[in-house]
Each structure stands twice: as structure tokens, then as C-alpha cells.
Amino acid sequence: RKEVEQDPGPFNVPEGATVAFNCTYSNSASQSFFWYRQDCRKEPKLLMSVYSSGNEDGRFTAQLNRASQYISLLIRDSKLSDSATYLCVVPRGGSQGNLIFGKGTKLSVKP
Amino acid sequence: GAVVSQHPSWVICKSGTSVKIECRSLDFQATTMFWYRQFPKQSLMLMATSNEGSKATYEQGVEKDKFLINHASLTLSTLTVTSAHPEDSSFYICSARGGTTNTEAFFGQGTRLTVV
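Values in this document were obtained by computation on a predicted structure and should not be read as measured data.

J.: How should the sheet that holds strand 8 (residues 76-81) of chain B be read in this particular structure?
T.: Residues and elements named next belong to chain B. Taken in spatial order, the 4 strands of this open sheet run 1-3-8-7, and their pairing is antiparallel. The open sheet has two edge strands with one neighbour each: strand 1 (4-7) and strand 7 (67-73). Strand-to-strand, the axes of this sheet are offset by a mean angle of 15°, without reference to chain direction. Bridging between strand 3 (residues 19-25) and strand 8 involves 6 bridges; their strand directions are antiparallel. Paired with V19 across the strands is V81, a residue of strand 8.

Structure follows, in C-alpha cells:
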């Protein structure tokens, strides 16, 4: 299994739709996980952190399944402004805790 | 949130020259800084990790003599691309974290390097 693996998409959804992305990881010792959002030609920005079973922030919900080693990101009531690439990020482990990025899932929300 | 400033935001250089990119944490002490490279339509690839005052740890396949990393203080890390070639043209992004391995990293704005 790759360190971090995501479905690259693209996911093309209409406004108002609910969309979910999955991400699998190989390091069973990882304790924290992150979802970042990256707009075209911009740096990634933190969207959500996941430390336990899940986290919810408005329209965004992240869930963690340690047994199956995957995390998911659910976006409800999609907005045009949600169009971006969503990056799943997992610490590699060890004292430095290098952050390893998935290849990203591209989301395009259409009117 | 925490601020990480990266400079320059873009640079064009001639093949064979060297380019230095700076990454500064403005309001926190960055114990660890990461350097990534991103080619068009590809994901961020970790190049190296540096801890203040120690040598950087490079990922497999990244030439440490070509990509010189210096992390001399808790607020500054630099990446120097030596003897740049057109294939080094890419988007270089630094990130910094100040806490434990469970804390998120904050990213600089990125540097778009074009080698002609």
C-alpha cells in the first residue's frame, strides 16, 4: 500500500450536491491526519485536522477509520467556491513527522 | 493562523546559475521545515526535511549537493538550487511546523522557478 493514496477524480458535481473523498494510508502508527485544500497555482491551506474518530466544521466533515486505515472528507451543500484540489496528508512517523501528501482529489462544482 | 513567508514568489534564471529561496516563519518558531516541489498537475513531493541547527534529511532521489538546505535559525530556512537546469523548473513550496508531530504545517506562498 502506498503511504497515502487518493482517488484523483475529477469529481464534477452540481451546486448543492454532497460529495465525499476517501484517502487510505499505510502507516498504522499515524496519530493525526489533515485535509488541505489547494487552489490552482497556490500553496495548500489547511482545511481540517483529524485526531480522533472525526471532526466537523460547518459543511465539512472528516472521518477516520483506524481499523481500515482510511480517512474521508464529506462536503455538504457544495458551493462553486469549493472547486479545488483536496489533499490528504498523513505524518510519516518518526521524530520528524514528515508530512506526506496524497496526489489530491480534484473537485469541480458546476452551477 | 501562523504565517510563513516565502521569497521570491517567482524567479527566472539562466541555466547553470544558482537560485536561493527563503522561507521564514513570522510569528512562531519553526523547529522543523519542509521543502516540497510540485510539477504541473502533479502532487506535492517532499524533497527534504530540516531541523534547526542540524543537517537536512533528503528524500530518496533528491540530490543533496544540488539542493542545498540551510536551517540556521528557528525562523529561517533556505533552499539553494545550484547549477539550475530547465528540468528544475517547478513550483517550490516550504512549510513549517513549530510543535509536535501532531501539529499541522503552515505553508509559504511558493516560488515558481523557471530556468531558461
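Okay, back to it.
J.: How should the confidence of the model for chain B be read in this particular structure?
T.: For residues with low pLDDT, the predicted coordinates do not support detailed interpretation. Averaged over every residue, the pLDDT of chain B is 89; the share at 70 or more is 94%. Per-element averaging of pLDDT across chain B places strand 10 (residues 106-107) of chain B at the bottom with 88 and strand 11 (residues 111-115) of chain B at the top with 96.

J.: Honestly, the sheet that holds strand 8 (residues 70-75) of chain A in this entry has me stumped. Any pointers?
T.: Strands belonging to one sheet form pairs held by backbone hydrogen bonds; the direction of such a pair is parallel or antiparallel. Residues and elements named next belong to chain A. In space, the 5 strands of this open sheet follow the order 1-3-8-7-6, with antiparallel pairing throughout. Looking at the sheet topology across the chains shown, the edges are occupied by strand 1 (4-6) and strand 6 (54-57). Going across the sheet, the axis of each strand differs from the next one's by a mean of 15°, ignoring polarity. By the bridge criterion, 3 bridges tie strand 1 to strand 3 (residues 19-25) in an arrangement that is antiparallel. Residue E5 lies in a different strand from strand 3, and its bridge partner there is T24.

J.: It is not clear to me how the nonpolar core should be interpreted in this structure. Could you clarify?
T.: Across soluble globular proteins, nonpolar side chains have a tendency to be buried as a group. Ranked by internal contacts, the top residues of the largest apolar core, which has 38 residues, are W35(A), Y36(A) and F101(A). Looking at this core, the element that brings in the most residues is strand 9 (residues 84-91) of chain A, giving 6 residues. What F101(A) contacts, discounting residues up to four positions off in sequence, is V4(A), Y36(A), P44(A), L87(A), C88(A), V89(A), Y36(B), L44(B) and F107(B). Listed in part, the 24 residues of the second largest apolar core include I21(B), L79(B), C94(B) and V115(B).

J.: Would you take a moment to explain the interface of chain A and chain B for this structure?
T.: Counting residues at the interface gives 25 residues for chain A, matched by 23 residues for chain B. Here chain A meets chain B over a buried area of about 1,800 Å², counting both sides, of which 50% is carbon and sulfur. Across the contact surface, chain A and chain B share 0 salt bridges. Viewed at the interface, chain B and chain A are joined by 1 residue pair in polar contact (both at pLDDT 80 or more). Secondary structure elements with two or more residues in the side of chain A that touches chain B: strand 4 (33-38), strand 5 (45-50), strand 9 and strand 10 (99-101) of chain A.

Rules used throughout
- Residues numbered from 1 in each chain as written.
- Chains lettered and ligands numbered in written order.
- Predicted model: local features only at pLDDT ≥ 70, side-chain atom pairs only at ≥ 80, totals over all residues.
- Heavy atoms only, no water.
- Pairing = 2+ DSSP bridges.
- Helix = DSSP H or I, 4+ residues; strand = E, 2+ residues; numbered from the N terminus.
- Axes fitted to C-alpha atoms, helices over the stretch in contact; angles between N-to-C directions.
- pLDDT = per-residue confidence, 0-100.
- Core = buried A, V, L, I, M, F, W, Y, C linked by side-chain atoms within 4.5 Å.
- Buried < 20%, exposed > 50% of the residue type's maximum accessible area, 1.4 Å probe, protein only.
- Contact = heavy atoms within 4.5 Å.
- Buried area = accessible area lost by both parts, 1.4 Å probe.
- Salt bridge = Lys/Arg side-chain N within 4 Å of Asp/Glu carboxyl O.
- Polar contact = N/O pair within 3.5 Å; in protein donor to acceptor, adjacent residues only side chain to side chain.

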